[in-house]
Amino acid sequence: MIIEKAERILENHELCNNCLGRCFAKLGKGKNSERGEAIRNVLNMEREANKQSPIKEPQTCELCGNIFKKRDYFAQKCYDKALKLGLEFDSFLIGSSFPKDILEKERAIVEEFELDYAEPINREFNREVGKALELLFQKPVNKKNPDVIFIIEPYTEEIKIQSKPIYIYGRYRKLVRGIPQTPFKGYKESVASIICRPFAEAFRGKAVFHGAGREDIDVRMLGSGRPFIVEIKNPIKRKAVLEDLAKEINSSEKVEVFGLRFVDYKTMEEILTQNHRKEYEAVVYVEDGVEEKDLDKIVKTLTNATIHQRTPRRVLRRRSDLTRVRKVYKVDGKVIDGKHIKLRIFCDGGLYIKELISGDMGRTTPSVSEIIGKRAICEALDVINVEVIENGAKSPHNKEKNKG
Ligand SMILES: [Zn+2]
């Protein structure tokens, strides 16, 4: 039945041994070229016995145009390209984009002859080039999670390289006010740009900054820092000494990073989607004067308080107007002088502290202004700690921090 089918195929289409073998790819073992050659041999023996002329392998295959003869050529091309780029990887995969007309022609043959055991052309091509490249690179093909994918356009001979993104976790401190977290009109640099530059250079890819929440331009980020992830898209290099990158960033004297480490996608997602609890230090200005008993009232009222906060007027243009419910867990403070107090506030992420102090014309309640019955404004604000829960447990660093 196979030989009869093969004969009908070859009487109608001039196929190379690869393309012939591929019609029956899921039967037996070995390469399609060997499978095709074996089928053709048996077929031609039968034809000879029947005094028919043999059907030889054509000069040019009408389906693939003899693309499989260029297997080693493509492997070498990928190899040279990787070498020239200095591409770093431990595993790879070959992909290919075959022209539509070839894929359609193949589909038509499969349908015409009801080829239930056939395999698509790109799959054979990818596998064969992959095998040749494994020898050149001395590195394995990895179908599930390769570091890099070489995507070959077999007929234009263009090769594209896609490399798996790299994720690096760290925490940053913003030591000065007046820098936005991410690029912002009118500011030359940002926390993101200061952090990303050395990463982009070291990994030779596009570095994208993801902060676990954000702070305002005029707010410093101190203490144990804010978690962030740098995602390197399409990196050429996969190895770098992270401490060296930290040193370079820290020499900016504006932003400091520490605890850098490689993480996987899942960890990145966990860190970025947690609603991190935060600790702030705020200097509050009360024009009508403030004294110990005001402070006592603030501490007592805000400790374990539930805050209803409508979207602050200052961010209404960017955020939808809704009422958030957030908790304040702990408040400490001291009077600095007759008009200033310092507050340390430990609360849910997503609570706007400037408005917790001012009350934002009654949009945040309770607020410091409301509690003492005097207009209070936040004069300076620092984020002291951003709590991170890693694998269900707080990091030891944070446990320390939050005790006090
Ligand atoms: Zn062919």
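Residues numbered from 1 in each chain as written. Predicted model: local features only at pLDDT ≥ 70, side-chain atom pairs only at ≥ 80, totals over all residues. Heavy atoms only, no water.

You'll find the protein chain entered in an unreviewed UniProt entry as tRNA pseudouridine synthase Pus10, with Palaeococcus pacificus DY20341 given as the organism. In the Function (unreviewed entry) part of its UniProt record, the protein chain is described as follows: "Responsible for synthesis of pseudouridine from uracil-54 and uracil-55 in the psi GC loop of transfer RNAs." (UniProt positions renumbered as here; feature names shortened; annotations may be inferred.)

Next up on the list: the domain arrangement of the protein chain. One can read the domain layout of the protein chain as domain 1 (2–162), domain 2 (166–273) and domain 3 (276–388). In this structure, domain 2 and domain 3 have C-alpha centres spaced 28 Å apart. The partner domain 3 presents twelve residues to the 17 residues of domain 2 that form the contact. Between domain 2 and domain 3, the buried area comes to about 1,200 Å², and carbon and sulfur atoms account for 48% of it. For domain 2, the biggest contributors to the area lost against domain 3 are Arg177, Asp216 and Val219; these three give 27% of the whole. Remark: the boundary between domain 2 and domain 3 carries five salt bridges. The residue lysine 354 makes a salt bridge to aspartate 216 at a minimum N-O spacing of 2.9 Å. Of all the elements in the fold, those that place two or more residues in the side of domain 2 that touches domain 3 are strand S4 (166–174) and strand S6 (219–233). Top contributing element to the side of domain 2 that touches domain 3 by residue count: S6, with nine residues. (Domains from an automatic or database assignment. Contact = heavy atoms within 4.5 Å. Buried area = accessible area lost by both parts, 1.4 Å probe. Salt bridge = Lys/Arg side-chain N within 4 Å of Asp/Glu carboxyl O. Helix = DSSP H or I, 4+ residues; strand = E, 2+ residues; numbered from the N terminus.)

Further remarks concern the side chain of glutamate 231. Following the sequence through the fold, glutamate 231 ends up in strand S6. Of the side chains with opposite charge, lysine 233 lies nearest to the buried glutamate 231, which makes no salt bridge, at 4.6 Å. Here the side chain of glutamate 231 touches histidine 210 through a polar contact of 2.9 Å, side chain to side chain. With residues near it in sequence (within four places) discarded, glutamate 231 still touches Pro165, Ile166, Tyr167, Lys206, Ala207, Val208 and His210. (Buried < 20%, exposed > 50% of the residue type's maximum accessible area, 1.4 Å probe, protein only. Lys, Arg positive; Asp, Glu negative; His and termini not counted. Polar contact = N/O pair within 3.5 Å; in protein donor to acceptor, adjacent residues only side chain to side chain.)

Attention now moves to the UniProt feature "domain: THUMP" (unreviewed entry) in the protein chain. Here, UniProt's "domain: THUMP" (unreviewed entry) annotation points to residues 37–165. Overall, residues 37–165 shows 45% helix and 13% strand. The separation of its end C-alpha atoms is 42 Å.

The terminal C-alpha atoms of helix H7 (residues 191–203) lie 19 Å apart, and with 13 residues this matches the ideal 18 Å at 1.5 Å per residue to within 8%. Taking the largest bend as the criterion, H7 deviates by roughly 25°, centred on arginine 197, and proline proline 198 comes between one and four positions later. Along H7, the residues that are buried comprise Val191, Ala192, Ile194, Ile195, Cys196, Pro198, Phe199 and Phe203. As for H7, its buried residues are in contact with S4, strand S5 (206–211), S6, helix H8 (242–250) and strand S7 (255–263). (Expected span 1.5 Å × (residues − 1). Bend = angle between axes of the 7 residues up to and from the residue.)

Moving on: the environment of glutamate 189. Within the fold, glutamate 189 resides in the loop between S4 and H7. Residues glutamate 189 and glycine 178 lie eleven residues apart in sequence; the distance between their C-alpha atoms is 9.9 Å. Leaving out residues up to four positions away in the same chain, glutamate 189 has contacts with Ile179, Pro180, Ile194 and Lys254. One polar contact links glutamate 189 to lysine 254, side chain to side chain, over a distance of 2.3 Å.

Counting across every chain of the model gives 20 aromatic pairs. Aromatic pair phenylalanine 184 and tyrosine 187: ring centres 6.2 Å apart, planes at 45°, arrangement tilted. Using a relative accessible area of 37% as the deciding quantity, one classes tyrosine 187 as partly exposed. Judged by centre distance (5.7 Å) and plane angle (45°), the ring pair of tyrosine 329 and phenylalanine 346 falls under tilted. Of this pair, tyrosine 329 sits in strand S10 (residues 323–337) while phenylalanine 346 sits in strand S11 (residues 340–347), and the two are 17 residues apart along the sequence. On the basis of relative accessible area, tyrosine 329 is assigned to the partly exposed category, the value being 22%. Each member of the aromatic cluster is reached from another via a ring pair, and the members are Phe68, Tyr73, Phe74, Phe98, Phe125 and Tyr155. Here lysine 139 stacks its cationic end above the ring of phenylalanine 89, 4.6 Å away from the centre of that ring. Lying over the aromatic face of tyrosine 329, arginine 277 brings its terminal NZ or CZ to 4.6 Å of the ring centre. (Phe/Tyr/Trp six-rings, centres within 6.5 Å; stacked < 30°, edge-to-face > 60°. Lys NZ or Arg CZ within 6 Å of the ring centre and 35° of its normal.)

Taken together, three strands build an open sheet; the order of strands is S1-S2-S3 and the sheet is mixed. Edge strands, defined here as strands with exactly one partner in the open sheet, are strand S1 (92–96) and strand S3 (158–163). Pairwise comparison of adjacent strand axes, ignoring direction, gives a mean angle of 20° for this sheet. With respect to the sheet, helix H4 (residues 71–85) is in contact with S1, strand S2 (148–153) and S3, its orientation differing from that of S3 by roughly 55°. The strands that helix H6 (residues 121–137) touches are S1 and S2; relative to S1, the one it contacts most, it runs at about 145°. (Pairing = 2+ DSSP bridges. Axes fitted to C-alpha atoms, helices over the stretch in contact; angles between N-to-C directions.)

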